[in-house]
Every structure is written in C-alpha cells, then in structure tokens.
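# Structural features, examined
Chain by chain, the residues:
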Amino acid sequence: MITLASDFGEPYPAAMKGVLLSRTDAQLVDVAHNLPRQEPRTAAFWLRETLPWFPPAVHLAVIDPGVGTDRAALVVRAGESALVGPDNGVLMPAARELGEPEVFAIDPHHGEFPATGGEGSTFDGRDVFAPAVAAVHETGVDELEGLGWLSALDDPEELRFPEPDLRGREASGEVLVTDRFGNAITNIPGSLLEDRFGDEVAVNGTAVPAERSYAGVEPGHRLVTVGSHGNVELAVNVGRGDDAFGVGVGSDVTISF
Amino acid sequence: MITLASDFGEPYPAAMKGVLLSRTDAQLVDVAHNLPRQEPRTAAFWLRETLPWFPPAVHLAVIDPGVGTDRAALVVRAGESALVGPDNGVLMPAARELGEPEVFAIDPHHGEFPATGGEGSTFDGRDVFAPAVAAVHETGVDELEGLGWLSALDDPEELRFPEPDLRGREASGEVLVTDRFGNAITNIPGSLLEDRFGDEVAVNGTAVPAERSYAGVEPGHRLVTVGSHGNVELAVNVGRGDDAFGVGVGSDVTISF
Amino acid sequence: MITLASDFGEPYPAAMKGVLLSRTDAQLVDVAHNLPRQEPRTAAFWLRETLPWFPPAVHLAVIDPGVGTDRAALVVRAGESALVGPDNGVLMPAARELGEPEVFAIDPHHGEFPATGGEGSTFDGRDVFAPAVAAVHETGVDELEGLGWLSALDDPEELRFPEPDLRGREASGEVLVTDRFGNAITNIPGSLLEDRFGDEVAVNGTAVPAERSYAGVEPGHRLVTVGSHGNVELAVNVGRGDDAFGVGVGSDVTISF
C-alpha cells in the first residue's frame, strides 16, 4: 500500500500517480493534497495524526518549499513502514510515532536510480520521490540496504512541536494547527481536562466550559474539548473556534483550572 | 466495496481510510468529502442522487453536527447494501431508494464492538463508524443479526424533502440544493416540463425559456431545465442560476405554465 | 485502468464512478475534478501534461460546456490508450502525446449502446461517457471497430496551443495556464533558458533572474524558471508569480535575453 500527501492541489498529484502505477500494482490511497501550501510544520502534524492508523505502507509526503535546492530527499524507515519526502522535518513526527526512525538519503543522480526522464528541477514529487516510493515498495521496507542510491543519513532536519508549560493550575502552550471546522488545536494535553468536563476553565483569562463534545454547549457557543488527537482544542459548537477565540497557528494559549 | 462521504474536507477522511484498510481489503471509493458543513439535509439529497448508481456496497456517510451527544449511530440495511452514519436522517432518503430500510443502532460500548482505541468524543467517523463499516462489510449485509453490538431501532430520525404543491397550471416548491455550477435544484418534478421544451414558462413571475439542455439559450442567459436528478433546475448557460434567479437553498419557487 | 478528470467538483463524479464500477472491475484513478469550470483549453493543457505518465488506460475527461447540444461525444484511440469525452478539443493535445489519434463518434441512441437509463440531457458524464468508458475498457482499445455505436469521425474539433514567436534574442508568447501556486506557465520553450541560469533576462521589459529552481532567489522574489512541463514559468519563490508579474491566462509575455 502506498499513501500520498502533498500541498499540490490538482492535477500535479496525478502525474505522481501515473509514475507510481507505471511501476507498481500497489494500492494508492490519498491522504490529502490540499495541505496548507509550503508549511511543513502543519503537514507534519496531520501526518503524525493520520498515518499511524494505516497498516504497514510506504507513505509519500511532498510539502517541499526547498525543491530544487540542495536539501536532501529522504526515505525514513520506521516500524514496518517507510516515509518518503524532503528533508525539512515533515516526515519526522509521523516516523517517530511509527517506530524508531532510520533515515536514508536518496541520490537521484546515482546510476541505478530509476529516473523518470522528467524535465526541470521543480517537480521532485514526480521525478525523484514517486520513483523512489515505487522502488521502496517493490524492494520491500526490510531490504532498503540493497538499494545503491540510498545511503544512511545521520543528521536529518528535525521538526518537533513545542512542549507546553505545565505548572500548578495553569498550562501554557500554543495553537499548533486549525482544521476545516475552525477548531484550534493546541499542544496542551487533553488529559488535563479529564476531571473537569462540565466545569469552566479560563482560556486566556476568559471563562469557558470544558466539555466532552462540541454539543455540550448550545450551537454558536464556545467550549474547550479534547480533540481526536488527544489535545485540548478551542472550539465553537457548529461554528469556528479560531474566530471566536481570536487565535490562529502559533497563538499563545493559557488555560487556568 | 465501501464508499465514503463526509463534510470533513482533509485530512480527517484519511484516518477513517486507515482504520478501514487495517480491517478489510474492500475497495474504497470516495463519494464526497467537501459536502456543506454540518448540513444533513443537503448531504441526504446528494447521497440519494449518487449512491443508487453503485453496485451493492457498504456506504459510510458522516455529516454529524450531533457528534458526542446521545444521538444514535446507525447501520441501515436497504436492498443488498448497507448505510452507516449518524441518526439524523442523512442516510434515510438514499436508503429508501435502495430498498426497504431496516434500521439498527450501534452500541460502541458493547464488549464485542471492534473499537479503535481512539481518544475523545469528537471523531466518531474514525472511532465508531469506520470500525462498524469494516465489520459490516466483512460480516456481510445479510448477516447483521449476528453482530451483538447491533440492535433493531424502530424510530430513526426521518428526513423527507418537502413535496411540491401542484395545482392546475402552477407548481410551487422550493430550492433543495445548489450545485458547484450554481444550478438551483428544486423539488418540482421535471416531468412537468416535458411537453414545454422550447416554450417559455413563468418562474416566480418572470418568463424564462424551458430547455432540454443548458445550451438551449445563449451563454449568460437564464433557463429552466430538467437536471440529472429528474427535477426542475433553475440555471444559466455557462453561468450561475442561483445568482441570476436570486435564490438559495429553501427559496420558494413557483412555476406557471 | 480508468482515469477520471472533470470540472464537476463534488459529488457528480461519484455517480460516474458508480456507473463504471457497476460495469467493470477496472482500477479507477482520479486525475482532477476541480479543473477550471467549462474551460476545455486549460483542461487540455493539464491532460497533456498528466496522462502520458500513466500506463495504458482509458481516460475519461468531461469538461463540457456544450452538454446537450449536438456536439459529438468521442472515443479517441492513441497508442495503447483511449480518451473519452466531448468533441470540443479537450482530448486532442493529450491524444497527440500518446500516439496518432484515431477518432470515433459515440451514438448514444444506437440500439446497442449500453445506456444507463439516466434522465435528462444535462449529465452526459454519467449517461453517455461513463458507459462508453466501461464498454471501451471491457472491449479493449484494439477492438473498438467491433462496437456498433462507434463510427469513425474525420473532422473532430481541434485545440492547439499557440506557438511562441522566437526571433533573435527575443521570444514572445503567452500565459497558457496558472497553477495553484500562482506559477504562470507560458508557451515559451524552457530550452531557451538552458544556458542562462544564474543570469538575468527581461520579462516584459523588467530584469528578472533565470533560475533552475524556485529557491534560486530569496522567498518573495520573482524569477523565471523551467517548469515540470518543460516550458518557461513566471514564478515567485514561496509566493504567487501571476500576481507579482501581473499576468493571467492569455497574457502576452516577451522574454529578451
């Protein structure tokens, strides 16, 4: 199985699919192609939340503002899966969820690299990553050492989400991402709310109910809840939490209990 | 075969796909994931228009403003297919097209329910509906009675589209949905236009040509036609009917012949 | 293998998939369903850039402002593949990339045509093209002459992209399409930039660096580069080239070296 994620929208992912399907019979599954443009951090969050639900697979993720620079192109083995994409950290949080990451650099100029013949230096998704994914899938995740165009890489770019500051009856963190519904997802662990559902907490100084689900408040009203990722989420029932709380990605969030 | 519909956008559906693909080899087919947010009525219309074209399948549909409340989670058997989703009516119009609906409630706390271990009460698509879909698919639509976590439900939430008022030379109805092209789809049966193509009719008092196809009028001009769903549609050739007629979902439409 | 492209958005493509999956076990691959509305020219460009990457397949493409008129419905055989869609030129540039096009017209009223029974004249994607695609796939691209509802067509609508004007140290062309990133893709061949990477060229009179990749300039700065299609592209690193250069589809572009 091969999954695909990118910020390409349409129709660039189709060229990657064509390359893949010319080289493998693997099942292709789209994860997302409208991830925020050229934001490896947001993509890394969603990949970490999504990919662990899949059975062992080769996961392609192309969110690559550095395409055409000398940034490395990676294959990361983790557990029984592999992740393929640029060396900007986007793969790492998901890889750490899947196992102990082992990182390899792709040499697309190596004589054995299964090149596509595509022109230009602007579409590594098609010309570097897709052929690497097909080859990794056909070779098998356990056999990467046999691929001459892969070499171990010791110091990949890291990407770690900030840790919240938890002290006494206060937790300070930030908004990591917002979703389509306007839910503002923080780095504050949801376990802090476990005993407090039905009570109020203070979010940046304003009292807000803590609820197990959006519908714990009337439509249009604010709440804090624990999202599907296990983190505290600032939300509005049938509305947009980001607007109501006046927050966006990176905004400081302090919750007092 | 399993189809998936939701208002999730990206990348939440991928988590559902991961759960499904961890439990079944069924072919997955996306119906739509950008359905209007938290509008079971609009989703119900499109599911009714779309799902009957598929071969027998298990159809997942998560448009669920009541997630986390005590609304039931349903499996509806209809013909050789099953539909899985929340008890807010969204499944019912499609189910009635597919056969005589038999409704079962899911008990996700039953000891035999194939839970995912997902956290929180905000993503039943991943934690309740997807595991139910996989189990229904693997068990077989004819064998639902053997699943201990399903029990017959007599009084599901209904959702019926309003009937138009047809009297003499006038039909009064409303706009049920609009589509991406701006076509305003009414509940007035297209059969009323059958003998009148090429003539004018009055739409809310204004004369408009009735045409077999959009191209029956010049680009930018208004028309009424019969859409692919068999209903009267207010349209503009290569333009937006909703804007030109000043209508949206729920607007009254009276057509005089 | 069957690929699908359209300007339908959601959920109309699902009805086409339902028809296909009722008639064939072929693998379905989405190319794009959010192509610009009713613009066969833009779709033709993207199909030409995308479809040649696929293995032999039957390619469905429904961008069809003339639906319901007497425009023909086509099957075009090219190489080992076939393309199916309306006779407005949208299929032809991709077909010429795939081989020597042989064009057939579909007669959906022929007694042997595998009709769907769908109502109306507004959704040929479901009622004409999808059944034709399934039949072409099941019959085999080499056996189209055996299908009674196909007949050779000598004069399909053509669609050719304008040739640039190359003279001396100047190339004049136009913007063919823009992509999601705001890159403005011209009809000027990228080979003209080959010796000039790292130098400046004049774009509509203004000096701009020619770079092998977006990252050749600082974020937010303009450049010209060679896109994945082999054409000159007006771009901004991590920004929108169309806005920065003040161009859109059809804008004149003159590059002086």
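Residues numbered from 1 in each chain as written. Chains lettered and ligands numbered in written order. Predicted model: local features only at pLDDT ≥ 70, side-chain atom pairs only at ≥ 80, totals over all residues. Heavy atoms only, no water.

For chain A, an unreviewed UniProt entry supplies the name NAD operon protein and the organism Halalkalicoccus jeotgali. Heading Sequence similarities (unreviewed entry) of the UniProt record for chain A holds this comment: "Belongs to the SAM hydrolase / SAM-dependent halogenase family." (UniProt positions renumbered as here; feature names shortened; annotations may be inferred.)

Let's shift gears to the relation of the copies chain A and chain B. Placing chain A over chain B gives an RMSD of 0.0 Å and needs a rotation angle of 120°, together with 0.0 Å of translation along the axis. Taken together, the rotation and translation describe the operation of a three-fold axis. Of the C-alpha atoms belonging to chain A, the one lying closest to the rotation axis is found on Q27 of chain A, 5.5 Å away. (Least-squares fit on C-alpha atoms with pLDDT ≥ 70 in both.)

With that settled, the discussion passes to the relation of the copies chain B and chain C. Overlaying chain B on chain C yields an RMSD of 0.0 Å, the required transformation being a rotation through 120° with an accompanying axial translation of 0.0 Å. Little of the interface of chain B is mirrored in chain C, where only 10% of its interface residues again form contacts. (Contact = heavy atoms within 4.5 Å.)

A word on the interface of chain A and chain B. It is common to give the size of an interface as the accessible area lost on bringing the parts into contact. Facing the 31 residues of chain A at the interface are 31 residues of chain B. Where chain A abuts chain B, roughly 2600 Å² becomes buried across the two surfaces, and 59% of that area is made up of carbon and sulfur atoms. The three residues of chain A that bury the most area against chain B are W53, R180 and F181 of chain A, which together make up 31% of that side's buried surface. Applying the counting rule to chain A against chain B returns zero salt bridges. In this assembly, chain A and chain B are joined by seven residue pairs in polar contact (both at pLDDT 80 or more). Contributing elements (two or more residues each) for the side of chain A that touches chain B: β2 (28–32), α2 (40–50) and β13 (222–226) of chain A. The greatest single-element share of the side of chain A that touches chain B, amounting to four residues, is contributed by β2 of chain A. Per-class residue counts for the side of chain A that touches chain B are 15 nonpolar, eleven polar and five charged. (Buried area = accessible area lost by both parts, 1.4 Å probe. Salt bridge = Lys/Arg side-chain N within 4 Å of Asp/Glu carboxyl O. Polar contact = N/O pair within 3.5 Å; in protein donor to acceptor, adjacent residues only side chain to side chain. Helix = DSSP H or I, 4+ residues; strand = E, 2+ residues; numbered from the N terminus. Nonpolar A, V, L, I, M, F, W, Y, C, P; charged D, E, K, R; others polar.)

A few words now on unusual backbone geometry. Looking along the chain, the bond that leaves E10 of chain A and enters P11 of chain A is cis, with omega of -10°. Non-glycine residue V238 of chain B carries a positive phi angle of around 50°. Turning to its location among the elements, V238 of chain B is positioned in the loop between β14 (231–236) and α5 (241–245). Residue class for V238 of chain B comes out partly exposed when judged on its relative accessible area of 41%. Its identity is not glycine, yet N204 of chain C carries a phi of approximately 50°, on the positive side. Inspection of the secondary structure assignment puts N204 of chain C in the loop between β11 (200–203) and β12 (206–209). On the accessibility criterion, N204 of chain C (42% relative accessible area) is partly exposed. (Buried < 20%, exposed > 50% of the residue type's maximum accessible area, 1.4 Å probe, protein only.)

Here the focus is the interface of chain B and chain C. Between chain B and chain C, the residue contacts involve 31 residues of the former and 31 residues of the latter. At the surface where chain B touches chain C, the tally comes to zero salt bridges. Counting across the interface, chain B meets chain C through seven residue pairs in polar contact (both at pLDDT 80 or more). Of all the secondary structure elements, the ones that give two or more residues to the side of chain B that touches chain C are β2 (28–32), α2 (40–50) and β13 (222–226) of chain B. Broken down by element, the side of chain B that touches chain C gets its largest block of residues, four residues, from β2 of chain B. Tallied by class, residues from the side of chain B that touches chain C come to 15 nonpolar, eleven polar and five charged.

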